[in-house]
Each structure stands twice: as structure tokens, then as C-alpha cells.
Amino acid sequence: MEFQVEITRLDDQGRGIGYIDGKIVFVENALPQEVVRVLITKEKKKFYEAKVIERLVTSSDRITPNCPYYDRCGGCNLMHLNYRKQLEYKKQKGIQILKKFAGIEIEDADMIDSDEFYYRNKVVFHVEDGKMGYYQKESHHFVEIDTCLLLHPKINQLLTELKGASFLNSVENVMIRTFQDGLETQIVFYPQENLNQEEIIHRIKHLVTSIYVDNTCIYGTDEILEKIGDRNYLVRPESFFQVNTKTTKKLYETVKEALQPSMDDVVLDLYCGAGTIGLYIAPYVKYVYGVEIVKEAIISANKNKEINRTKNIEFYTGDTKTILHQLHLQANKVIVDPPRSGLDQKTKEYLLKLTPEKLIYVSCNPVTLARDIKDLSEKYQFQTVTFVDMFPNTEHVECVCLLKLR
Ligand SMILES: C[S@@+](CC[C@H](N)C(=O)[O-])C[C@H]1O[C@@H](n2cnc3c(N)ncnc32)[C@H](O)[C@@H]1O
């Protein structure tokens, strides 16, 4: 069925919203003020989903994506909106979500920008029939990629170099991560069957620092090194590291600003990964405790403690929902940076008992952030939020919230 629809706003996933006979319709790649002819692709009781067949009125905020795969690949979804408007959209989205789910009224907030392109230091490619690429959004429909505008040029170089390699026929996924502007690079092949390791090493060793097959390093060093400010971080493939290196410095500075560190502070860095935020703020406080579930990340965190000559930090491996109740760590300030799912109930109970004077909540998911702020509101009052654009050309936004003890 085809309809003509006027788009009035964007939803949280960056889709255009319009109405057909009073029923909401979500339209990919459609912007406010546009009038589009659409084909319904899904019909549910409460909403439609539709795709654009023809654009009858075009928004002045629309730009033409410089990417040949934009219509097909699920990598990004806001490249058709100019960057200034992307930032405005993400800020308003964050503000509205905090209002809707946590009842917080915010007039305005800072929005920190990023390089628009070539910012990603990490990618996981799917491999099909020896070709590397992405899946279409929410599907297993494969799209071969020769180059991607979000990836650091070093990753695109490797993509070119690997094209046609016969060993890719035995590979399911390839992870590539590059640090120090392409100086150090790790690549991991996740095989379906035995791989000819000699052939892999021969083909790409001149381009990379380390090559892994699954969890085994078959060439080079276990970790690669990144620098944020004056701090050095060794990172293993299994460890989380922020994907936008340049903007990570701005993110960590925002956390430091919210923390207002003092040499009397004892800080808990929960979900610490390879010890990144904790080590960044350690020179400005008395002591830091880091907690992280991935043991390989803690191996790197302890090495990072050494290479940064930092003595006032200690790391613990464990799940926050159990280990915090066992360790009884005391702190007057807490930083949390959980995965998209946010804080679990047990961790929130611990924070409600610990009652630090400040809680800095770093989140890549404003919905779970808002839920958790609400759950913690009996003890903590929302103070400020700063949004950081870690993921340009996608709908995602990073948030740094400062909560204070009531
Ligand atoms: C968004 S990352 C933040 C990492 C770090 N703060 C940084 O900036 O690099 C979330 C981290 O939480 C860890 N994690 C996930 N669930 C956890 C849990 N239940 N307990 C402890 N750590 C967890 C993940 O392994 C990951 O390293």
C-alpha cells in the first residue's frame, strides 16, 4: 500500500515520524518538513513501518551521503542529515528521554562534537564466501564493503589488502582495531575451520602489530597501545575500548570536570574496562578502585597501571552485582560506565547504601540511564548532563550525568 506522508519529527532511532489516518508511521531516511510517498513494509496494531518511494518535498537539512552503500548497509542511519542538525537531534533526544523516563526538566545541555568521518578505531566484519562486509539493519542480508566512511583509513587499507585472500573462505568474522592514528593495529580472525596461518602472516604482517586467530596471538604482541592525553593504554582484543579515540579525550575530560577531583577523594571506577577512566583521573585523587567483569581487561588494566607508573589504583575482576557486596570498598565519589543495559538491581542497591557524595554516570543508552537515575533518585539528585557525540552519522549518543547525594 502506498501513501503520501508529511514527516513531523525524528524518533529515537533517527527514523522520520508521520501519520496515516491518525496512526503513527516510521519512515527510514526521511526528515522533518519532508513530504514523501511511502510503501508500507510492516503493519502492526499501533504503528506502520514504511520506506520512501519518492520524495515530494525535500528538507533543507538534507545532504547527499557520500557512501555507495548507504541505502543497503546497516552501519549508519543519519548520514543524510547535516552534522550540525545531527548534534541538535541527539541533544534533544537525550533531553526528551531524561524528561520522559526520569521526570527531569532540562532546558539545555552541552553537546560535544567529533570528527564526522573516519573516526572508528574498531570494526567487526562479517565474512561470506570470502568477502568482507556488513549485514543490513536487523537482517542477515550481507553487503560487501570495499571502504567505509566511518572507519579509520588504516582499517580501510586492510580491507583492500585482504580482498580476494583465499583463507577468508574459512573465516566467519574479522575484527580490526587500530590505535595511534594507524601506528598499531590488531586483527583477529574468527575461523569456521582450520586456517593457513602462514599464509595470513605472510599477507598482512607488514601492516599490523598483532594477528590473532580466535584467542591465540599467532604474530606480534598480545596488546596494542593507545594514548589518551598523557596516559598510555595497552588493550587486548577481548577488552572494551572506546571506538572513537579522539573524542574519548573529550569524554574523559568531561568526566573529570564533573568529578571535580581533589587529593582527598577515593573514587570507585565501576565497569572500568582496561582501567581507562580510573587511570585518567588517578593523578588528581588519593586512590581509585576499578571493577570489571572481563579478566583479560583487568590483565591489561594492571599492565596499564605499571606503564603509567600509577601506584594509587587497584583493580578487581568480577561482576558488580556480586563483587561489590563482597569487597565492601569505600569511596566518596563513584564513576559508573555500564554497557547499554545499564545498572542491575543489586549494583543500584549497593550504590544506595554506599552514598558517595557524587555519582558520575557515563552511558551510551539514555533510556537505561533515565531508568537508573529514577531508581537512584531517593538518594541522588540529578545535577547536569553533557552529551558527547562518540558515534557521528548514527543515532547513538553518549551521556555524562552528574548526580549528587541529597
Ligand atoms: C561501556 S564499557 C566502559 C569501559 C571503560 N569505562 C572505558 O571507558 O573504556 C563497559 C564495561 O563494563 C564491563 N562490564 C559489563 N558488565 C559488567 C558487570 N556486570 N560487572 C562488571 N563489569 C561489567 C564490560 O566488559 C566493559 O568493559
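Small disclaimer: the values here were computed from a predicted structure and weren't measured. Note that residues are indexed from 1 along each chain, following the sequence as it is written. Only residues with pLDDT of at least 70 are given local features in this predicted model, and only at 80 or more are side-chain atom pairs given and counted; all residues enter the totals for whole chains, interfaces and linings. Hydrogen atoms and water are omitted, and side-chain values are computed over all heavy atoms in the structure.

Q: Quick question: what am I supposed to make of the pairing of strand β14 (residues 216-220) here?
A: One face of the sheet, then the other: side chains in a regular strand alternate in exactly this way. Should DSSP find at least two bridges between two strands, the strands are regarded as paired. Where helices and strands are cited, they refer to DSSP runs of H or I of at least four residues and of E of at least two residues respectively, numbered from the N terminus. The pairing of strand β13 (residues 210-213) with β14 spans four bridges and is antiparallel. Along β14, the bridge assignment pairs Ser210 with Gly220. Counted along the chain from β13 to the antiparallel partner β14, the turn is two residues long, and its residue Asp214 has a positive phi close to 55°.

Q: Please explain the site of the ligand as it appears in this structure.
A: Nearness is judged by heavy atoms alone; a residue qualifies as near a molecule or strand once a single heavy atom is within 4 Å of it. Near the ligand there are 17 residues, and of these Tyr252, Thr276, Glu292, Asp319 and Asp337 occur at the shortest range. Polar contact is defined as a pair of N or O atoms within 3.5 Å, subject to the rule that within protein one atom must be able to donate a hydrogen and the other to accept it, and that residues adjacent in sequence are counted only when both atoms are side-chain atoms. Note that a nitrogen atom of the ligand is positioned 3.1 Å from one of the backbone N or O atoms of Ile293. Compared with its free state, where it exposes 600 Å², the ligand has 87% of that area covered by protein. Residues belonging to the shell around the ligand are distributed by class as follows: nine nonpolar, five polar and three charged. Note on areas: these come from Shrake-Rupley sampling with a 1.4 Å probe, and a residue is covered only by the protein chains present in the view. Under the grouping applied here, Gly and all other residues not named as nonpolar or charged are polar, the nonpolar ones being Ala, Val, Leu, Ile, Met, Phe, Trp, Tyr, Cys and Pro and the charged ones Asp, Glu, Lys and Arg.

Q: Looking at this structure, how should I read the domain arrangement of the chain?
A: Note on interface size: it is often stated as the accessible area lost on association of the parts. Domain delimitation follows an automatic or database domain assignment. The assigned domain composition of the chain is domain 1 (2-62), domain 2 (90-115 + 244-405) and domain 3 (122-225). Using only C-alpha atoms to locate each centre, domain 1 and domain 2 end up separated by 36 Å.

Q: For this particular structure, what's the right way to read unusual backbone geometry?
A: Peptide bonds are mostly trans, and most non-glycine residues show a negative phi. Phi angles above zero are rare outside glycine, and Gln180 is one such case at about 50°. Here Gln180 is to be found in the loop between β11 (171-179) and β12 (184-191). With a phi close to 50°, His328 is a non-glycine residue in the positive phi region. Along the chain, His328 falls in the loop between α7 (320-327) and β20 (333-336). Using a relative accessible area of 56% as the deciding quantity, one classes His328 as exposed. Three labels apply to residues, based on accessible area from a 1.4 Å probe with only protein chains included: buried if under 20% of the type maximum, exposed if over 50%, partly exposed otherwise in between.

Q: Looking at this model, I keep getting lost on the pattern of salt bridges. Mind explaining?
A: Working definition: two side chains of opposite charge can pair if their charged atoms are close together. Just to be clear on terms, a salt bridge is a Lys or Arg side-chain nitrogen sitting within 4 Å of an Asp or Glu carboxyl oxygen. Applying the stated criterion to the full structure yields 26 salt bridges. The shortest N-O distance in the salt bridge between Asp108 and Lys91 comes to 2.8 Å. Placement of the pair is Asp108 in the loop between α1 (83-102) and β7 (110-112) and Lys91 in helix α1, with a sequence separation of 17 residues. Judged by its relative accessible area of 52%, Asp108 falls in the exposed class. The exposure class assigned to Lys91 is buried, which follows from its relative accessible area of 11%. For Lys163, the salt bridge is made with Asp146, and the minimal N-O distance between the two is 2.8 Å.

Q: I keep staring at the environment of Lys137 and nothing clicks. Help me out?
A: Examined against the element boundaries, Lys137 turns out to sit in the loop between β9 (131-135) and β10 (142-144). Given a relative accessible area of 34%, Lys137 falls into the partly exposed group. Sequence separation between Lys137 and Gly75 is 62 residues, and the spatial gap between their C-alpha atoms is 7.5 Å. If we ignore the near neighbours within four places in the chain, the residues touching Lys137 are Gln13, Glu28, Gly74 and Asn77. Two residues qualify as a contact provided that any one of their heavy atoms is within 4.5 Å of a heavy atom in the partner residue.

Q: Would you take a moment to explain the nonpolar core for this structure?
A: Here is a general trend for soluble globular proteins: nonpolar side chains tend to be buried in one another's company. Among the nonpolar cores identified, the biggest contains 72 residues, and Leu168 and Phe189 are the most heavily contacted of them. Ranked by the residues each element gives to this core, the list is headed by helix α4 (residues 245-259), at five residues. Leu168 has contacts with Val127, Gly130, Met132, Leu162, Val174 and Phe189, leaving out every residue within four places of it along the chain. The set of buried Ala, Val, Leu, Ile, Met, Phe, Trp, Tyr and Cys residues whose side-chain atoms join them within 4.5 Å is what this entry labels a nonpolar core. Ile104, Val291, Leu329 and Val336 belong to the second largest nonpolar core, which has 42 residues in total.

Q: I keep staring at the sheet that holds β13 and nothing clicks. Help me out?
A: In a beta sheet, neighbouring strands are held together by backbone hydrogen bonds and run either parallel or antiparallel to one another. The strand order β10-β9-β8-β11-β12-β13-β14 describes an open sheet built from seven strands, whose pairing is mixed. Since the sheet does not close on itself, it has two edges, and those belong to β10 and β14, each with one partner. Ignoring which end each strand starts from, the neighbouring axes of this sheet average 30° apart. The sheet contact formed by β9 and β10 spans three bridges and is antiparallel. Within the sheet, the bridge partner assigned to Tyr135 lies in β10 and is Phe142. As a rule, the C-alpha atoms of each element are fitted with a line to give its axis, helices using only the stretch in contact, and angles between N-to-C directions run from 0 to 180 degrees. Relative to β13, helix α3 (residues 197-204) is tilted by about 155°, and along the sheet it contacts β12, β13 and β14.

Q: Honestly, the packing of aromatic side chains in this entry has me stumped. Any pointers?
A: The geometry of two aromatic rings is summed up by the distance between their centres and the angle between their planes. We call Phe, Tyr and Trp rings a pair once their centres come within 6.5 Å, taking the six-membered ring for Trp, and we label the pair stacked below 30 degrees between planes, edge-to-face above 60, and tilted otherwise. Taken as a whole and assessed by the stated rule, the structure comprises 10 aromatic pairs. Considering the side-chain rings of Tyr289 and Tyr316, the 6.3 Å spacing of their centres and the 45° angle between planes classify their relative orientation as tilted. A residue pair is termed long-range when its members are at least 10 positions apart, and Tyr289 in strand β18 (residues 287-292) and Tyr316 in strand β19 (residues 313-317) qualify at 27 residues. Since its relative accessible area comes to 19%, Tyr289 is described here as buried. A ring has a charge above it when a Lys NZ or an Arg CZ is no more than 6 Å from the ring centre and no more than 35 degrees off the ring normal. The cationic tip of Arg15 hangs over the ring face of Phe26; the distance from NZ or CZ to the ring centre is 4.3 Å. The residue whose ring lies beneath Lys23 is Tyr48, and the NZ or CZ to ring-centre distance is 4.4 Å.

Q: Where do I start with the side chain of Lys90 in this structure?
A: Along the chain, Lys90 turns up in helix α1. Among the polar contacts made by the side chain of Lys90, one reaches the main-chain carbonyl oxygen of Phe391 at a distance of 3.0 Å. Non-local contacts of Lys90, meaning those with residues more than four positions away in its chain, are made with Leu78, Met111, Asp389, Phe391, Pro392, Asn393, Thr394, Glu395, His396 and Val397.

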